[in-house]
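Now for the letters of each chain:
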Amino acid sequence: MALVGSRELIRDINEKTILKEIFLEKQIDRASLARKTSLSGGTVTKITSDLLKKGLIRVVGESTSTGGRKPILLCINPDFGNILGVKIGLGYLQLIITDLTGKILSQERKEFGEEFDPHKISYLIKEYVEQKNKNHLVGASVAVSGTIDSTKGVVLDSFILNWKNVELGKILKNILKVPVYIINDADSFALAHLWKGKLKKYKHALVMTLGVGIGGSLIVNGNLYTGNGGAGEIGHMTIKGNGNKCRCGSYGCLEAEASFESLVNKINTKSENTLLKEYYKTFKNTELSEIDFIRLALKEDPQVSHEVFNEYSTLIGTAIKNLINIFTPEYFLIGGEALEFSDYFLENSINYARENAFGNLGERVIYDVDNLGPKAWMLGGVYQVIQEEMFYINVLDSLEIQKF
């Protein structure tokens, strides 16, 4: 028995190669496509003609002539279809709809409170699509905190949402009737910066996200590194012996010591402010409640709040130092909701890491903060849909099996 690639497979590979090059270049002529892909001019002409007929690409104008007719410029047709991007956070959904180039057409935040039922959350997503999507939906991505089996679309463990082995991909695919990709939220954040941000300039980098939870991603040789699934769970490194109990069941995890929930509890314990004590009694297990409490604490009891943030800065600085010692990245990107309070910790954290990392490792790192904002959590997943649905071919599924 032998595996033989068909002409159709080769043609599909060439089509995806050309389509990806057009996407990356934004505007390109056929002669340049032939040079960049090493395909013949005839093959490029035939495939681009077919892509034009399908509506996947369109003519965008003419390039400058170097003699003879002006080359025709091609680009991805952004109106071919839309993509849904979702982040499921603690008590809320962040949703976007983009065109085929990743341009955001619609965005919305929906609060769902403390009830984390995956079916109810899925119908909230469906409701948003029905209200806001005005075009064919190519696919959807959902970013979730925790360990994900992206191949099966299963949330294996999300301690923030208290989910275990939730078949979210299957649930949403049945509701939306399109391909659905489930991705770790920190990985989606990192992919957005690989696609749209400065991260693409560096071969080896680390991403840390700070907020309700603490997440991370590793970039190795310019690509997202997932290991055997779950790589980058830096929020669950032990940072304090005999520390607070974490949602994961362990003690002293970075997330247990430096999440928003931990900040709130520490401020409440140390403060004697009456208004804060009363507000804490009405506290809900949602990100918005935690952020509102921290904002109020900085206003009502700045002395205690600054004391807690000083401790926070050392914990985060220690974690950054440890990560630098282990991975020696060129670039360290910090993001997440905690950047709202960066004036109270970030400079101290980076200085601590720079000064305490082994040798001069801390000095060799470029430290940076997220410049994409909240949309980054969803945009990485949108790029994943574009990559998988437009550029990727499962070669094994496409091979003809012949018996001899």
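Bear in mind that the values here come from a model prediction, so they are computed numbers and not experimental data. (Residues numbered from 1 in each chain as written. Predicted model: local features only at pLDDT ≥ 70, side-chain atom pairs only at ≥ 80, totals over all residues. Heavy atoms only, no water.)

1. A short note on the overall build of the chain
- For the chain, the count of helices and strands is 14 helices and 18 strands.
- What you see for the chain is a C-alpha radius of gyration of 24 Å, in line with the 22 Å of a compact globule of 404 residues.
- Dimensions along the principal axes, computed over C-alpha positions, put the chain at roughly 80 × 50 × 50 Å.
- Counting the 404 residues in the chain, one finds 52% classified as buried. (Helix = DSSP H or I, 4+ residues; strand = E, 2+ residues; numbered from the N terminus. Rg over C-alpha atoms; globule rule 2.2 N^0.38 Å. Buried < 20%, exposed > 50% of the residue type's maximum accessible area, 1.4 Å probe, protein only.)

2. Some details on the domain arrangement of the chain
- Each assigned domain of the chain is listed here: domain 1 (7-77), domain 2 (82-191 + 377-391) and domain 3 (200-371).
- With centres defined by C-alpha atoms, the gap from domain 1 to domain 3 works out at 46 Å. (Domains from an automatic or database assignment.)

3. Quick notes on the pairing of strand β12 (residues 180-184)
- Here β12 lies mainly inside the structure; five of its five residues are buried.
- Burial of the side chains of β12 extends over both faces: Val180, Ile182 and Asn184 are buried on one face and Tyr181 and Ile183 on the other.
- As defined by bridge partners, strand β8 (residues 137-144) adjoins β12 across five bridges and the pair is classed as parallel. When the bridges of β12 are listed, Ala143 appears paired with Ile183. (Pairing = 2+ DSSP bridges.)

4. Some remarks on helix α12 (residues 346-356)
- Buried within α12 are the following residues: Leu346, Ser349, Ile350 and Ala353. Buried positions in α12, seen along its axis, are confined to an arc of 95° and lie on one side of it. Exposed and oriented more than 90 degrees from the buried face of α12 are Glu347 and Glu355.
- Contact partners of the buried residues in α12: α11 (302-327), β16 (331-335) and β17 (366-369). (Arc of directions from axis to C-beta. Contact = heavy atoms within 4.5 Å.)

5. Regarding the pattern of salt bridges
- The full count for this structure, using the stated rule, is 25 salt bridges.
- Asp50 is the salt-bridge partner of Arg11, the closest N and O atoms lying 2.5 Å from each other. In this pair, Arg11 sits in helix α1 (residues 7-25) while Asp50 sits in helix α3 (residues 41-54), placing the two residues 39 residues apart along the sequence.
- Assessed through its relative accessible area of 28%, Arg11 is described here as partly exposed.
- The exposure class of Asp50 is buried, given its relative accessible area of 16%.
- Here Glu363 and Arg354 are joined by a salt bridge, their closest N and O atoms 4.0 Å apart.
- Residue class for Arg354 comes out partly exposed when judged on its relative accessible area of 26%.
- Salt bridges sharing partners connect three or more residues here, namely Arg11, Glu15, Lys46, Asp50 and Lys54. (Salt bridge = Lys/Arg side-chain N within 4 Å of Asp/Glu carboxyl O.)

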